[in-house]
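# Observations on chain architecture
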Amino acid sequence: MLFANYVLLCSFVVFIVPSKGEEFESIEDLLKSPNPGSLRDILVIGTYGRELPGTSNHTLHQGFDCENFLEKFTSVETLGLMHVKLLSIGKDCFEGLDNLKNVVLFGTSLTNIRMSVFRTSYDMSITYVNLGFNYITNIEFGSVVLPGLKTLSAVRNRLTTVHFTSQNMPAITHLNLAYNHISSLMIESQTLTALNLTGNRLKTLQGLFLPDLQYVDLMNNQLSRVTPDMFASMRSLKQAILSRNPVQSVHFMHFNTMEYLELAGTGIVSLYDIKSLSKIDMLDLSFNNFWMLGYARNSDNPRPFDINMFRCTHCNIHYMLPFFLANAFPNLEKIKLNYNYLTTAFIFMAERDFEDLSEVYLQDNKISRIGSGDFSRLTYMEMLDLRSNDINTIEEGAFDETTKLSILELANNMIFQLPANLFEPINLRELNLNGNIMPYFPIPGWQENTEKIFFRESSVNKLKKLQINNNPLQCQCVDLIRKWTAKNNIELTIDNSLVRSGLKPACIVNNEGCRADVGLNYVKDNWHLFNDGKLILDTLY
């Protein structure tokens, strides 16, 4: 299975080879095989390009020419030569290997290759070729026809241009040319569905005719703008990755098939820079610099984006214009705005409910308060992530309208106290309160004066999972929480590895028992036992 792992590292295509096969440390060992005609899967792993302590370069790295020394291995179907120094691949290298299907020439010194070496007879029909991590400057197709080749990977070589047509590879579906020096392309294929051009030097996309292409990765190139003609021939395109290009404007043709567009880390600073984008499942604008997300250039809002998922993490967003989300993404199902600088969750203002929005991610922002109307339009929301903010106040009724909310993440905030009936209108299944400053959890039916839990109909009793690690809880309150969760079959996580190892207390002894009103002084006096250096004590006031 080592062979399979190498292939996965060098190609975006999952290719599985049989687990039964022979591995050799050198070509010499391979040639000494007593039964060469019976081997089906061969893998030679040398040390060229990856030095081992105590080895001799001269001994291990004497290069060789691949001529017809493999002619005895007539049954081989999978052949891998990895970290073996190849001086050349002669036209007779694979002659007589009519059963050969998969070839990997990985980490050798090849500088040039003729694709005709993979068709030495009419009966030979190779389906997979991996030429990754070599020094190849030219892949010569000529007039050769490789009728069975479906996957070609030439990752991390020195190619500057690539030219082939359907006549060369009539069955090709996956082509991986990532991390080369390619600045121009001439590719015509009726069957290619996936093309990886990450890490090249492309400034435009001319010379491509790929009507069946569904996936293209152009990350880390030199594209400064995207125009409709670049993708005009890609009528079936579903996913396009254009991240880490100096793109300042995107003018896409209207795709009825597009599902995913990634523009992370580009030069886009406004949604006005994206034009003519039709229906799409996901738009990713992460790692751009927006500061304000909205329409600010004129009073006329552009045509709404028909997008299901919008992601803009690490976008430096400080402010969002009122009604922006409702106007820009009326059909939104999921939104991720993690790692920004939003100070409020009141960004879902709309004239109607977000009927499709089910998942909201606002992790790692600067939100300090959850108001009673912040989520009033998210009546269909099922998952809300507010981890790692500065939340210290949650108003009563904050979740009254979110009746479908099932998962609520509030970990790593500054929550001291929760309103007693905060979760009554909803049917939570999972609640995460790890890493707050809570000395007490509002258990339904608990009476402080009698220190007993009486039965009370409450949706909180229907929780499936409660996490409340790393809070300065009173020990008697912890006992009550354990009894209550056990009685209601709630999965409870109340201590972590540091508690179990004795490096941190699970709770704090309070001589007055379990109280709901111990105050912030109690927390300040004891929080150093739980703090882990993440909070400044003065911020508790």
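What this report covers is the structure whose coordinates are included nearby. Source: prediction; values computed, not measured. (Residues numbered from 1 in each chain as written. Predicted model: local features only at pLDDT ≥ 70, side-chain atom pairs only at ≥ 80, totals over all residues. Heavy atoms only, no water.)

### Some thoughts on the sheet that holds strand E11 (residues 161–164)
As a general point, the strands of a sheet are linked pairwise by backbone hydrogen bonds and lie either parallel or antiparallel. Ordered by their spatial adjacency, three strands build an open sheet running E11-E13-E15, and the pairing between neighbours is parallel. Each edge of the sheet is formed by a strand with only one pairing partner; in this case those strands are E11 and strand E15 (208–209). Pairing between E11 and strand E13 (residues 184–188): four bridges, direction parallel. Considered in E13, the bridge of histidine 163 is made with methionine 186. (Pairing = 2+ DSSP bridges. Helix = DSSP H or I, 4+ residues; strand = E, 2+ residues; numbered from the N terminus.)

### Focus on unusual backbone geometry
Positive phi, close to 60°, is recorded for tyrosine 179, a residue that is not glycine. Checked against the element boundaries, tyrosine 179 lands in the loop between strand E12 (174–176) and E13. We note that serine 388 has phi near 55°; this positive angle belongs to a residue other than glycine. Judged by relative accessible area, serine 388 falls into the partly exposed class, the value being 22%. (Buried < 20%, exposed > 50% of the residue type's maximum accessible area, 1.4 Å probe, protein only.)

### Quick look at the state of the cysteines
In a disulfide, the sulfur atoms of two cysteines are held together by a covalent bond. For the coordinates displayed, the defined rule picks out four disulfides. A disulfide bridge connects cysteine 66 with cysteine 93, and the sulfur atoms are separated by 1.7 Å. A torsion of 60° about the S-S bond marks the disulfide between cysteine 66 and cysteine 93 as right-handed. Highlighted residues: cysteine 66 in strand E3 (residues 64–66) and cysteine 93 in the loop between strand E5 (86–89) and strand E6 (102–106), separated in sequence by 27 residues. (Disulfide = S-S within 2.5 Å.)

### Considerations on the pattern of salt bridges
A complete count under the given rule lists 11 salt bridges for this structure. With a closest N to O distance of 2.9 Å, arginine 311 and aspartate 284 form a salt bridge. Within this pair, whereas arginine 311 is found in strand E24 (residues 307–311), its partner aspartate 284 is found in strand E22 (residues 280–284), the two being separated by 27 residues in sequence. Arginine 311 gets classed as partly exposed once you look at its relative accessible area, which sits at 22%. A relative accessible area of 4% means that aspartate 284 is categorised as buried. (Salt bridge = Lys/Arg side-chain N within 4 Å of Asp/Glu carboxyl O.)

### Digging into the packing of aromatic side chains
Considering all chains together, one arrives at 13 aromatic pairs under this definition. Seen in terms of ring centroids, phenylalanine 324 and phenylalanine 329 are 5.9 Å apart; in terms of plane orientation they differ by 80°. Their pairing is edge-to-face. You'll find phenylalanine 324 and phenylalanine 329 in the same group, each marked buried. Judged by centre distance (6.2 Å) and plane angle (5°), the ring pair of phenylalanine 375 and phenylalanine 399 falls under stacked. Taken as a pair, phenylalanine 375 in the loop between strand E28 (369–370) and strand E29 (383–385) and phenylalanine 399 in the loop between strand E30 (393–394) and strand E31 (407–409) lie far apart in primary sequence, 24 residues in all. In terms of burial, phenylalanine 375 and phenylalanine 399 fall into one category: buried. Among the aromatic side chains, those forming a connected cluster through ring pairs are Phe348, Phe354, Phe375, Phe399 and Phe423. Here the guanidinium or amino end of lysine 336 rests over the ring plane of tyrosine 361, the centre of that ring lying 4.8 Å away. (Phe/Tyr/Trp six-rings, centres within 6.5 Å; stacked < 30°, edge-to-face > 60°. Lys NZ or Arg CZ within 6 Å of the ring centre and 35° of its normal.)

### Some details on the environment of valine 117
Tracing the backbone shows valine 117 in the loop between strand E7 (112–114) and strand E8 (128–130). Residues valine 117 and lysine 91 lie 26 residues apart in sequence; the distance between their C-alpha atoms is 5.0 Å. Contacts of valine 117, omitting those with residues within four sequence positions, involve Ile89, Gly90, Lys91 and Phe94. (Contact = heavy atoms within 4.5 Å.)

### Quick notes on the sheet that holds strand E17 (residues 225–226)
Sheet architecture is open: three strands sit in the order E17-E19-E21, paired in parallel fashion. The open sheet has two edge strands, E17 and strand E21 (274–275), and neither has a second partner. Across two bridges, strand E19 (residues 249–251) lies against E21 in parallel orientation. Paired with histidine 251 across the bridge in E21 is lysine 275.

It is worth stressing that arrangement in space is one thing and function is another; only the former is reported here.
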